[in-house]
Amino acid sequence: MEQRGNAGSSGRAAPRSAAAWGCRQQPGPWALLPALCLALALPALSWALPTPPAPRHRLTDELSRSRELLVAANDSLHRVKELGTLGFECTLEEVDLEDITKNQMNTITACTSEDPETGNCPVLGRSTFDMSKCLRGIHKDLNAYRAELKNFNDQKVLATIDEMMKALNTSSGSAPQPSASTGLTSFKGRMRLCSILHAFQIRTVTINRMMNYLTSLESAL
């Protein structure tokens, strides 16, 4: 008769292999212990979450304020012409424009660069554009014009300048002192004020266009 298995003389059955025992063993709570230990040992791989990107500064408020600034500058110049506040017709033909920001950082110098290929004309260089520097230049302009227009006492203009500077939230140092000739006491002072009002109106156009450009850059990121 054919014998089954490899039992010895003692009659005991041969021990099953570990693989056979594992296949027949019923799963229990202890079977999850190795996986749990592995998860605890490698938290950086299994639990680490990506760091959320830092929120970008939005320029929508600055753009809105620049539009209000442009409207205020236009309205102020219009009132001067209509009411004859300065005692003469305040037009571009009557005055020589004075750039009170030419000896400091301003919107033009901070937001553009000179391109040799365009005959040293100011251009916008997207590849090397410094948005923070441009915003500081705008703030410098507003700081200078606010000081000059303080004696003119147009509260709407002053308020819109303040709101724009607050929106920019950029430190530009101490405010320059207004010139003694910026008031309405002399004809020369009124002529200079007319010049500054026109220059300010033109600069607000530049600032508004620049804020539109910066907003378009930001939305493209």
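Residues numbered from 1 in each chain as written. Predicted model: local features only at pLDDT ≥ 70, side-chain atom pairs only at ≥ 80, totals over all residues. Heavy atoms only, no water.

**Q** So, the overall build of the protein chain: which residues are in play, and what are the values?
**A** What the protein chain contains, in helices and strands, is eight helices and two strands. Order of helices (α) and strands (β) in the protein chain, N terminus to C terminus: α-α-α-α-α-β-β-α-α-α. Sequence separation of at least 24 residues holds for 81% of the intrachain contacts in the protein chain that already meet a minimum separation of 6. Total accessible area on the protein chain stands at roughly 14800 Å², and carbon and sulfur atoms take up 55% of it. (Helix = DSSP H or I, 4+ residues; strand = E, 2+ residues; numbered from the N terminus. Contact = heavy atoms within 4.5 Å. Areas by Shrake-Rupley, 256 points an atom, 1.4 Å probe, with all protein chains shown as cover.)

**Q** Help me get a handle on the state of the cysteines, residues and values and all.
**A** Enumeration over the complete set of coordinates arrives at two disulfides. Shown here is the disulfide that connects Cys90 with Cys194, its sulfur atoms set 1.9 Å apart. Classification of the bridge connecting Cys90 and Cys194 rests on its S-S torsion, roughly 105°, and on that basis the disulfide is right-handed. Here Cys194 lies in helix α8 (residues 187–220) and Cys90 lies in the loop between α4 (60–83) and α5 (107–111), a separation of 104 residues in the sequence. (Disulfide = S-S within 2.5 Å.)

**Q** Quick one: what's the story with the side chain of Glu148, residue by residue and with numbers?
**A** Within the secondary structure, Glu148 is located in helix α6 (residues 131–149). The exposure class assigned to Glu148 is buried, which follows from its relative accessible area of 10%. Of the polar contacts made by the side chain of Glu148, one reaches the side chain of Arg192; its length is 2.9 Å. (Buried < 20%, exposed > 50% of the residue type's maximum accessible area, 1.4 Å probe, protein only. Polar contact = N/O pair within 3.5 Å; in protein donor to acceptor, adjacent residues only side chain to side chain.)

**Q** Can you break down a nonpolar patch on the surface residue by residue, with the values?
**A** Together, Leu92, Leu97 and Ile202 make up a nonpolar patch on the protein surface, roughly 250 Å² of accessible area in all. Position of Leu97 among the secondary structure elements: in the loop between α4 and α5. Overall, Leu97 belongs to the partly exposed group, its relative accessible area being 46%. (Patch = residues over 30% accessible without salt bridge, like charges linked within 9 Å, V, L, I, M, F, W, Y side chains within 5 Å. Salt bridge = Lys/Arg side-chain N within 4 Å of Asp/Glu carboxyl O.)

**Q** Break down α6 for me, citing the residues and quoting the values.
**A** With 19 residues, α6 extends 27 Å from end C-alpha to end C-alpha; this agrees with the ideal 27 Å at 1.5 Å per step. The residue sitting at the N-terminus of α6 and contributing the capping side-chain oxygen is Asp130; that oxygen lies 3.2 Å from the backbone nitrogen of Ser132. (Expected span 1.5 Å × (residues − 1).)

**Q** Report on unusual backbone geometry, specifying residues and quantitative values.
**A** Unusually for a residue other than glycine, Asn153 sits at a positive phi of about 65°. As for its placement among the helices and strands, Asn153 is situated in the loop between α6 and α7 (155–168). Residue class for Asn153 comes out exposed when judged on its relative accessible area of 51%.

**Q** An account of the pattern of salt bridges is needed here, citing residue identities and associated values.
**A** Tallied over the entire structure, the rule returns eleven salt bridges. Residue Arg65 is joined to Glu68 by a salt bridge in which the shortest nitrogen-to-oxygen separation is 3.1 Å. Here Glu68 and Arg65 lie together in helix α4, a separation of three residues that amounts to about one turn. Looking at Arg65, the relative accessible area reads 23%, which means it is partly exposed. The closest approach of N and O atoms between Glu148 and Arg192, which form a salt bridge, is 2.9 Å.

What is shown is where atoms sit, not what they do.
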